[in-house]
Amino acid sequence: MESTNVVSPKVVEWIKDELSARACQHSNTLSFLKGFLLGQVFIIALVILAVRYLFMEDVKGMKKRYIPSRLSSTTPPSSRINSAAQTLPSDHITSKTYYDMIHHPPESTDWLNVLLAQAILQYREDAKINDRLMRAVDDILNGGVKSNFLGPIHVTELNLGEQFPIFSSARIRPSDDIGSMRAEIDFEYNDQVTLGIETQLILNWPKQAFAALPVSLVLSVVRFSGTLTIELISPPATTTKPDIPLERYISISSYSDFVLDLKVRSLIGSRTKLEDIPKLTDLIQTKLRNVYIDKLVYPTFVKIKVPNIWKDKLEEDEQGEVISDNTAALKQSAVDEIEEFIEDIKEA
């Protein structure tokens, strides 16, 4: 008798239910994992996009975009340039510095007088050591090219005085250029600055060094006063680079209403001497005043170059190669200016 194992329908149904439940549970787990991963990817992508568009910018656009600083306004540079062109620089500066060029009273320069007095006093003390200033002036007067009718020049007296120049009534006034300003300062110097020299006027006819006329002069500056003007001159704006770099400099000049009182004592002759000739005194005073007018009276001025601190790399390389030459040229130009002034006095 054969035995047969027959699975009951209830067992089969139970197995089917178990398999179906396991399949559903696995399917739910996979769905949860997929949803969780997709959610995390979405959140990360959202954060990246937010950081990208809120806090970052395109590298190509960054070079072209204008980034305002704390010192600049929110208007673009072109607008500021146009507005600055419409508003005069002098008006802009005076409004920011609370200076009224019309009603502002002249200011005292006592602090400047004290500083200059200290420097002048020190130079006077240094000049007394071994008569170095007298010997230096002697070398300057006898240096360069001299006329053949003028003999050696000897300095007999040199006194730098005891008083100090006094500056006062400093004020800002409009310049001749539209939108520019200049400082005006009154000055006065009352003292006895004296220079005494001896020389000979040589007569070269009918033969060379035929005779000599001794001349002794003592020149004293008794009073010197006037008004100095100081102005910063800037080069005009240009869109192209000029062949010769434009300079920014400070110009110093004097108005024509200056006062220069000189006292001239003269002694001419050997055995018979002529003392204090009025015509010679007037001639020397006129010549010295003309030298001052030609050198410093407006519109003539003394120029002090202002160095440019903002330079291109190429300009820095070019100027780095010739910086020593420029320094030497600056010193030589100062010496040339002094020698030229002395030559003008000699010609006078």
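Residues numbered from 1 in each chain as written. Predicted model: local features only at pLDDT ≥ 70, side-chain atom pairs only at ≥ 80, totals over all residues. Heavy atoms only, no water.

Caption draft 1: Spatial organisation of the overall build of the protein. Tallying secondary structure elements over the protein gives nine helices and eight strands in all. Here the protein holds 348 residues, and 18% of them are scored as buried. For the protein, restricting intrachain contacts to residue pairs at least 6 apart in sequence, the fraction spanning at least 24 positions comes to 66%. In the form shown here, the protein has an accessible surface area of approximately 26,700 Å², with 61% of it arising from carbon and sulfur atoms. (Helix = DSSP H or I, 4+ residues; strand = E, 2+ residues; numbered from the N terminus. Buried < 20%, exposed > 50% of the residue type's maximum accessible area, 1.4 Å probe, protein only. Contact = heavy atoms within 4.5 Å. Areas by Shrake-Rupley, 256 points an atom, 1.4 Å probe, with all protein chains shown as cover.)

Caption draft 2: Expanded view of the pairing of strand β3 (residues 181–203). Alignment of strand β1 (residues 154–159) against β3, held across five bridges, turns out to be antiparallel. Note on β3: the bridge partner recorded for leucine 158 is leucine 195. Of the strand pairs in this sheet, strand β2 (residues 166–174) and β3 are connected by seven bridges, and their pairing is antiparallel. Across the sheet, phenylalanine 167 pairs through a bridge with phenylalanine 187, a residue of β3. Connecting β2 to the antiparallel partner β3 that follows it, the hairpin turn spans six residues, and glycine 179 within it adopts a positive phi of roughly 85°. Bridge count for β3 against strand β4 (residues 211–233) is 19 bridges, and the pairing is antiparallel. Opposite valine 193, over in β4, you have valine 221 as the bridge partner. (Pairing = 2+ DSSP bridges.)

Caption draft 3: Structural context of unusual backbone geometry. The omega torsion of the bond from tyrosine 298 to proline 299 falls at 15°, within 30 degrees of zero and hence cis. For proline 299, the location among the structural elements is in the loop between α7 (278–296) and β8 (302–306). In the Ramachandran plot, tyrosine 98 falls in the positive-phi region, its phi being about 60° despite a non-glycine side chain. Relative to the helices and strands, tyrosine 98 is located in the loop between α4 (89–97) and α5 (110–127). Although it is not a glycine, serine 169 adopts a positive phi angle of roughly 50°. Tracing the chain through its elements places serine 169 in strand β2. On the basis of relative accessible area, serine 169 is assigned to the partly exposed category, the value being 27%.

Caption draft 4: Structural context of the pattern of salt bridges. Applying the stated criterion to the full structure yields six salt bridges. Of the charged contacts in the structure, one is a salt bridge between aspartate 186 and arginine 171, with a shortest N-O distance of 3.1 Å. Placement of the pair is aspartate 186 in strand β3 and arginine 171 in strand β2, with a sequence separation of 15 residues. Here arginine 171 falls in the buried class, since its relative accessible area comes to 15%. (Salt bridge = Lys/Arg side-chain N within 4 Å of Asp/Glu carboxyl O.)

Caption draft 5: How the structure looks around the environment of leucine 116. Within the secondary structure, leucine 116 is located in helix α5. Under the relative-accessibility criterion, leucine 116 is labelled partly exposed at 30%.

Caption draft 6: Broad picture of a nonpolar patch on the surface. A cluster of nonpolar side chains, namely Leu30, Phe32, Leu33, Phe36 and Leu37, defines an oily patch on the protein surface of about 520 Å² accessible area. Locating leucine 30 in the fold gives a position in helix α1 (residues 9–55). Residue class for leucine 30 comes out partly exposed when judged on its relative accessible area of 38%. (Patch = residues over 30% accessible without salt bridge, like charges linked within 9 Å, V, L, I, M, F, W, Y side chains within 5 Å.)

Caption draft 7: Region of interest: the confidence of the model for the protein. Per-residue confidence for the protein averages 78 on the pLDDT scale, and 73% of its residues sit at or above 70. Confidence drops under pLDDT 50 across residues 62–86; counting only partners more than four residues distant or on other chains, this segment forms eleven contacts. (pLDDT = per-residue confidence, 0-100.)

Caption draft 8: Local environment of the nonpolar core. Judged by nonpolar contacts, the single largest core of 14 residues is most densely connected at Phe167, Phe187, Phe258 and Tyr292. For this core, the elements supplying multiple residues, two or more each, are β2, β3, β6 (259–268) and α7. A per-element tally of this core places α7 first, with four residues. Apart from the residues lying within four places of it in its own chain, the contact partners of phenylalanine 167 are Thr109, Asn113, Leu116, Ile185, Asp186, Phe187 and Leu228. If you look at the next biggest cluster of nonpolar residues, it comprises five residues, including Val137, Ile153, Val155 and Ile197. (Core = buried A, V, L, I, M, F, W, Y, C linked by side-chain atoms within 4.5 Å.)

Caption draft 9: Just the packing of aromatic side chains, in detail. Inspection of the entire model under this criterion finds five aromatic pairs. Ring geometry for phenylalanine 187 and phenylalanine 224: centres 5.1 Å apart, planes at 70°, overall edge-to-face. Of this pair, phenylalanine 187 sits in strand β3 while phenylalanine 224 sits in strand β4, placing them 37 residues apart in sequence. Counting every residue linked through ring pairs, the aromatic cluster contains Phe167, Phe187, Phe224, Phe258 and Tyr292. The ring of tyrosine 298 has arginine 182 lying over it, and the distance from NZ or CZ to the ring centre is 5.6 Å. Just above the ring of tyrosine 249 sits the side chain of lysine 303; from NZ or CZ to the centre is 5.1 Å. (Phe/Tyr/Trp six-rings, centres within 6.5 Å; stacked < 30°, edge-to-face > 60°. Lys NZ or Arg CZ within 6 Å of the ring centre and 35° of its normal.)

Caption draft 10: Local environment of α7. When the terminal C-alpha atoms of α7 are compared, their 27 Å separation across 19 residues agrees well with the 27 Å that a helix rising 1.5 Å per residue should span. Within α7, burial applies to Thr281, Ile284, Leu288, Val291, Tyr292 and Leu296. All buried residues of α7 project into a common sector of 95° when viewed along the axis, lining one side. Looking at α7, the residues exposed on the side facing more than 90 degrees away from the buried face are Pro278, Lys279 and Asp294. (Expected span 1.5 Å × (residues − 1). Arc of directions from axis to C-beta.)

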